[in-house]
Amino acid sequence: MTGSAHDDAPLLSVVIPTHNVRPWLRQALDSVLRQDVDLEVIVVDDRSDDGTIEFAREAAGRDARVSVVSSPGEGGGSARNAGADLARGRYLVFADGDDLIPDGAYDALVTSLEVSGSDLAVGDYIKFRAVDTWRPTAAMPAYGRASRGVTLADEPTLLYSRPCWNRAFRREFWEASGVRFPDVPRSNDIVPMVSALVKAESIDVVDDVVYVYRERPGSGSMTARAGAATSLVSYLTQEAECARIVRDTRDADLAAVFADLVWDRDAFVAVNRYLLAWESDSEADALVAEKVRALLDLTPVPDEVGPLRRLALELAAAGSFAAGHAVARVAGGHPEGSDPSEERADLVSTWRALISELDSRELSDEERDMLTERLSRQLAQPRTGDPSAWQALVGAAERVLGERVRLFAADAWQSGDLGARERTAARAHSLAGGDLLAIDGTVSPDAGDVALALLDGEASLEGDGPRLIRPVSVTWRTADDGVRTWSAAFPAHQLPLHRPLTPVALGEDGAFWNVDAAFELPAYSRRDAFLYDVVDRILIVRRRRSWLLRGIIAAVRSRVRGGRSDAR
């Protein structure tokens, strides 16, 4: 056991604020009480109504090291402050009632402080949820090595991680620093943790994993509410205060790390999440825009920032949320739980808003390519809404981004009325031998005579007009309800390789349009001469070397490896 008690005070005080964490509190308390350190546990309950405080009191009845009090205020900030005020230990740590403390974690933190005499010790941590586990500190150089007696100026990337629960404080330092947690809806620990890092005269970095954070879904989780305006405004307000603290240090390296945190990490992620889930709310949007502007005004743009991230933040700061929504889908992924191939019904309006904004902005080649690639694939999906608005979007996008926006969009190669065109559904599969590509689909009874083809967008851009590749045969069948099914066959060796091909339907009047394709990849055979790939309804055919040649190469490699093994 590390350390000993002095005047009956424990070596370590553990403050656990709780609010409706009954399902997880047993594991959390067990993991804390199992630590091989002389400690006290102060549970400060914030108005739980799910049995949390009752369970905590039962635990206190079984273990004298546990005490339970009700928070004098409302919110996690007040609960943590109240617990810190009651703490008697030489060292102070915070933990949440739904997380876990690995065995030996507190011993590692306290031992480091006992040896070094530093003001605080910071340890590594992992996060987990139902489907995966990850280490957020992997991209933070400060966590790549153990160190003692350093300052924030020595290890500026400590700024990247600002939770309160993966560190231990010398209690005298905590009280002298005047650090307090605010009661805010979100991010109540980033300002106090930045303050503590800046004020600490010496810091230890422990390479042990000292905390396991449970990222849990549902409305009760702060993470799940992160897209809400109230939550985002709270975070942005706290982040702006952090920006002022960093600015006042007048340390260029700290300023650079913080700028990266805002423009390429935490702030971007928070704002991008809001943009992804955005639905127009003028009052909320105005407040969010104001807070984003305030933060960006305090934080100069770093020399290098992720593609489109600067654009997403600047659009939010300008209140251009429709345009920001379109950028967010390209810059930072898709709303949690959504299908990336599905687009909102307002695709046209959000992209029109973005194109309008881009008309007066300079884009890097990488940003332009990313936007063009995403828009071109979205335009290949079935149109919804007013066809004239769709055509206007294509025209504006082509003027601002270039002609490649119509790479996959059959309608974009034509003019005239687009409103009456029918849609078909299709999927791809291989036939015997793998050298024949067949695309199967259906046509509604009132579609009229329809032919099938593949649009080679790359060849169309290089030539004078659309290049359509016709099948060598099409087989039709009609069901009792009038729905017609078809199977169009294309010899794979006659198709252009390694370039996108878009299935289209052709009407009697010569017009053609994108098939509503839901491709199913063909079965794989090691003897196939061709491989098929599908990205957002776009088909790509790739030629493989002869299976016989591949077999010979594999055999030679096996012989070579065997010879090397024998030589050893």
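Up top is the structure these notes are about.
Computed from a predicted structure; not experimentally measured. (Residues numbered from 1 in each chain as written. Predicted model: local features only at pLDDT ≥ 70, side-chain atom pairs only at ≥ 80, totals over all residues. Heavy atoms only, no water.)

Let us now look at the layout of surface pockets. Here the second largest pocket is characterised by a volume of approximately 290 Å³. Those elements that place two or more of their residues in the lining of the second largest pocket are α14 (365-379) and β20 (538-543). Counting residues per element, the lining of the second largest pocket draws most heavily on α14, at six residues. Of the residues assigned to the lining of the second largest pocket, the class counts are seven nonpolar, three polar and seven charged. (1 Å grid on protein atoms, 1.4 Å probe; cavity = no way out; pocket = protein on both sides within 12 Å on 5 of 7 lines; lining within 4 Å. Points joined across faces, edges and corners; volume = space filled by probe spheres on them. Helix = DSSP H or I, 4+ residues; strand = E, 2+ residues; numbered from the N terminus. Nonpolar A, V, L, I, M, F, W, Y, C, P; charged D, E, K, R; others polar.)

On to helix α1 (residues 22-33). Over its 12 residues, α1 extends 17 Å from the first C-alpha to the last, a length consistent with the 16 Å expected when each residue adds 1.5 Å. Three or more residues of α1 are buried, namely Leu25, Ala28, Leu29, Ser31, Val32 and Leu33. Those residues of α1 hidden inside the fold are in contact with β1 (12-18), β2 (39-45), α2 (52-62), β3 (66-70) and α4 (105-116). (Expected span 1.5 Å × (residues − 1). Buried < 20%, exposed > 50% of the residue type's maximum accessible area, 1.4 Å probe, protein only. Contact = heavy atoms within 4.5 Å.)

What follows concerns the pattern of salt bridges. Within this structure, the stated rule accounts for 26 salt bridges. Asp103 is the partner of Arg34 in a salt bridge, and the nearest nitrogen-oxygen pair spans 2.9 Å. Here Arg34, found in the loop between α1 and β2, pairs with Asp103, found in the loop between β4 (91-94) and α4; they are 69 residues apart in sequence, far enough to count as distant. For the salt bridge of Arg162 with Asp266, the shortest nitrogen-to-oxygen distance reads 3.1 Å. You can see Arg162 sitting in the loop between β7 (147-150) and β8 (167-170) and its partner Asp266 sitting in helix α9 (residues 266-276), a full 104 residues away along the chain. Classification of Arg162 by relative accessible area gives buried; the value is 4%. (Salt bridge = Lys/Arg side-chain N within 4 Å of Asp/Glu carboxyl O.)

Now for the packing of aromatic side chains. Under the definition given, this model contains nine aromatic pairs. Look at Phe94 and Phe169: their rings are 6.3 Å apart centre to centre, the planes differ by 70°, and that puts the pair in the edge-to-face class. Of this pair, Phe94 sits in strand β4 while Phe169 sits in strand β8, and the two are 75 residues apart along the sequence. Here the aromatic cluster, defined as three or more aromatic residues joined through ring pairs, consists of Phe94, Phe169, Trp174 and Phe181. When the ring centre of Phe55 is taken as origin, the NZ or CZ atom of Arg62, which lies over that ring, is 5.9 Å away. The ring of Tyr213 carries the charged tip of Lys127 above its face, separated from the ring centre by 4.8 Å. (Phe/Tyr/Trp six-rings, centres within 6.5 Å; stacked < 30°, edge-to-face > 60°. Lys NZ or Arg CZ within 6 Å of the ring centre and 35° of its normal.)

Structurally, Asp98 can be placed in the loop between β4 and α4. Through-space distance from the C-alpha of Asp98 to that of Leu29 is 9.1 Å; in sequence the pair is 69 residues apart. Excluding residues that lie within four positions of it along the chain, Asp98 makes contacts with Val21, Trp24, Ala28, Arg214 and Arg216.

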